[in-house]
Amino acid sequence: MHRDSPAERSFHTPLEQQEIRYRKGDTIELIITDHAEKDKCFGKTAEGMGVMVSGILAPGDRVSAQVYKVKQRYLEARTIEVLTPSPDRVEPVCPVFGSCGGCKWMHVSYEAQLRYKHKKVTDSLAHIGGFENPSVLPVLAAPDALHYRNKVEFSCSNMRYLLQTEIDSDELARPKTFALGFHAPGNFEKVLDLDTCYLAKPCMNKVLNLVRDFALERGLAPYAAKAHEGYLRNLALRYSERHDQLMVNIVTSWYDAALMQALKERLEAAMPEQRMTILNNVTTRKNTVATGEQEYVISGDGYVTERLGDLDFRISANSFFQTNTRQAETLYDQIIAVGGITPEDTVYDLYCGTGTITLYLARHCRQAIGIEVVESAVRDAEMNAELNGLSNTVFFQADLKNFHAMQEALAPYAKPRIIVTDPPRAGMHPKALDTMLKLQPERIVYVSCNPDNLARDGKEIAARGYKMSSAQPVDMFPQTNHIETVACFERVE
């Protein structure tokens, strides 16, 4: 069942109240007032009819648009032209912005992005969560709005996505049958061939171009998703900011030792000062995911080590790690601050993954217990605890939906005064949420990358005897519409 977003509900006006009747194909003018769901914006016509508008828009834009769907209470339309641009608009630095789906908000100033994100969190908590005047703090801005990602995955395809300027041209500067870059939005076959990603580190962009040149010189067959043919599938890159280490992971359909050795020599010759490890993940799966069933270490250790605070984390090719290193520290410091963690506390970290939050918390409490359902992640967490010499951590592989199994496993340990939960984007499963609330901690710190699901789960937490004392948005992903939030819930006696 579809639930209206806060944006949609704000402009619902019965059609019978309108003097003007709209039809499919009508051209309308309106001012964009806010963002909506699924990369759309909305506003109202002069007569007060709400309109969901698709296009690269910003609040404050005055646009002409063509109606393509007439609903009972609102219209859906496509942008024809921006008649008067919003004061928030800026010129995107990326020449393929709008064609590549990686950045959604590069056409608005960073200050405006922070305002939009604060409003998104506030609106979700108020309209979905039912929190009256929610206490949402100003967004903690990222120190770098560009080139902040420590991980980027490029795809290779035999079908290059053509820009409109290329379609209109008689000649193509690049072959149509090879592309290394990002998938075009909504298209699993076609890839936009890129020279530069403005969110990636400069050394990553250098590797991108070196690998493309190498592949074209050698005539390496790009992967064809429908036919399930071709050699070169993905180029996955990781970078350790604190140790200046670069991981180059070539994902292919089979292993060719001589070819990998030649690529290694090319990369090392072109980047002699760069500390680097090169891997080859091999997969035969019929998908475009950049992981392999077999992994070959071509050079180096096969992993990079990143530092958060005074802790080191070993990151392999397929490990999860926060993609913005500097903001990850900001996020974790906020968890400690709002959690009010003391040296006497036992803290549970739900959905702990490879243990980054658990270990970060362990320095401030008596014992930190991480709980995760994925076995390989638990192994990585235990390895990271050993790497950092932390003996006050315990990691369990457990399903949070099974309260009785959790009780049994955790019986030897103290009950948590504080629980930190950092669930997937979909939020907490209702049974997992119930398990957490049955543990009755004094304080719950909920880390969320989806304000709507934070609001949904927060509403249930509040109904079970807690009040939300604060919500701190942290901008982990500039130029996109994503926002991370650290919300604190305190038990009401």
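All of these numbers come straight from a predicted model, not from anything done at the bench. (Residues numbered from 1 in each chain as written. Predicted model: local features only at pLDDT ≥ 70, side-chain atom pairs only at ≥ 80, totals over all residues. Heavy atoms only, no water.)

Looking at empty space enclosed by the protein
Phase 1 of the analysis: Scanning all chains against the criterion turns up 5 cavities of 30 Å³ or more.
Phase 2 of the analysis: Considered as a void within the structure, the largest cavity measures approximately 50 Å³ in volume.
Phase 3 of the analysis: For the lining of the largest cavity, the elements supplying multiple residues, two or more each, are β6 (151-157) and β9 (232-240).
Phase 4 of the analysis: Within the lining of the largest cavity, the residues separate by chemical class into 4 nonpolar, 5 polar and 2 charged. (1 Å grid on protein atoms, 1.4 Å probe; cavity = no way out; pocket = protein on both sides within 12 Å on 5 of 7 lines; lining within 4 Å. Points joined across faces, edges and corners; volume = space filled by probe spheres on them. Helix = DSSP H or I, 4+ residues; strand = E, 2+ residues; numbered from the N terminus. Nonpolar A, V, L, I, M, F, W, Y, C, P; charged D, E, K, R; others polar.)

So, the packing of aromatic side chains
Phase 1 of the analysis: Under the defined criterion, the tally for this structure stands at 8 aromatic pairs.
Phase 2 of the analysis: Centre to centre, the rings of Phe154 and Phe182 are 5.1 Å apart; their planes meet at 25 degrees, and the pair counts as stacked. Taken together, the residues span a long stretch of sequence, with Phe154 in strand β6 and Phe182 in strand β7 (residues 179-183) at a distance of 28 residues.
Phase 3 of the analysis: Overall, Phe154 belongs to the buried group, its relative accessible area being 0%.
Phase 4 of the analysis: Look at Phe313 and Phe321: their rings are 6.0 Å apart centre to centre, the planes differ by 50 degrees, and that puts the pair in the tilted class. (Phe/Tyr/Trp six-rings, centres within 6.5 Å; stacked < 30°, edge-to-face > 60°. Buried < 20%, exposed > 50% of the residue type's maximum accessible area, 1.4 Å probe, protein only.)

Considerations on the pairing of strand β4 (residues 62-70)
Phase 1 of the analysis: Two strands pair when backbone bridges link them, and strand β1 (residues 27-35) and β4 are joined in this way by 5 bridges, in the antiparallel orientation. Across the sheet, residue Glu29 finds its bridge partner in β4, namely Ser64.
Phase 2 of the analysis: Relative to strand β5 (residues 74-84), β4 runs antiparallel, the two sharing 8 bridges. In the strand pairing of β5, Val63 is matched with Val82.
Phase 3 of the analysis: Here β4 folds back onto β5, and the loop between the two strands holds 3 residues. (Pairing = 2+ DSSP bridges.)

Focus on the UniProt feature "active site" (unreviewed entry) in the protein
Phase 1 of the analysis: Within the UniProt annotation, "active site" (unreviewed entry) is assigned to Cys449.
Phase 2 of the analysis: Along the chain, the position of Cys449 falls in the loop between β19 (443-448) and α11 (451-463).
Phase 3 of the analysis: Those residues within four positions of Cys449 in sequence are excluded, and the remaining contacts are Arg425, Ile483 and Glu484. (UniProt positions renumbered as here; feature names shortened; annotations may be inferred. Contact = heavy atoms within 4.5 Å.)

Details of the nonpolar core
Phase 1 of the analysis: Among the nonpolar cores identified, the biggest contains 83 residues, and Phe154, Val207, Leu235, Val248, Leu267, Ile335 and Val420 are the most heavily contacted of them.
Phase 2 of the analysis: Take this core: its biggest share by element is 8 residues, from helix α4 (residues 202-218).
Phase 3 of the analysis: Both domains that furnish three or more residues to this core are identified here as domain 2 (122-144 + 324-491) and domain 3 (151-306).
Phase 4 of the analysis: Each residue touching Leu267, except ones within four places of it in the same chain, is listed here: Val207, Leu210, Val211, Val248, Met276 and Ile278.
Phase 5 of the analysis: Core analysis: the next-biggest nonpolar cluster, separate from the first, contains 37 residues, Phe131, Leu433, Ile444 and Ile461 among them. (Core = buried A, V, L, I, M, F, W, Y, C linked by side-chain atoms within 4.5 Å. Domains from an automatic or database assignment.)

Some remarks on the pattern of salt bridges
Phase 1 of the analysis: Within the structure shown, the criterion is met by 32 salt bridges.
Phase 2 of the analysis: For the salt bridge of Asp39 with Lys104, the shortest nitrogen-to-oxygen distance reads 3.2 Å. Remark: Lys104 occurs in the loop between β5 and α2 (110-128) and Asp39 occurs in the loop between β1 and β2 (41-44); sequence separation between them is 65 residues.
Phase 3 of the analysis: The class for Asp39 is partly exposed, based on a relative accessible area of 44%.
Phase 4 of the analysis: Of the residues examined, Lys104 reaches a relative accessible area of 29% and is grouped as partly exposed.
Phase 5 of the analysis: One salt bridge connects Lys40 with Glu76, and the closest N-O pair in it is separated by 3.4 Å. Residue Lys40 is located in the loop between β1 and β2, and its partner Glu76 is located in strand β5; the two are separated by 36 residues in the primary sequence.
Phase 6 of the analysis: If you follow the salt bridges from partner to partner, you end up with Arg174, Asp193, Asp195 and Arg212 in one network. (Salt bridge = Lys/Arg side-chain N within 4 Å of Asp/Glu carboxyl O.)

Focus: the sheet that holds strand β10 (residues 245-252)
Phase 1 of the analysis: Pairing is mixed in the open sheet, where 7 strands are placed in the order β8-β7-β6-β9-β10-β11-β12. Looking at strand neighbours, the two that pair on one side only are β8 (191-193) and β12 (294-299), the edges of this open sheet. With direction set aside, neighbouring strand axes in the sheet form an average angle of 30 degrees.
Phase 2 of the analysis: Sheet topology places β9 next to β10; 8 bridges connect them, and they run antiparallel. In the sheet register, Arg238 faces β10, and the bridge partner there is Met247.
Phase 3 of the analysis: Relative to β9, α4 is tilted by about 155 degrees, and along the sheet it contacts β6, β7, β8, β9 and β10. (Axes fitted to C-alpha atoms, helices over the stretch in contact; angles between N-to-C directions.)

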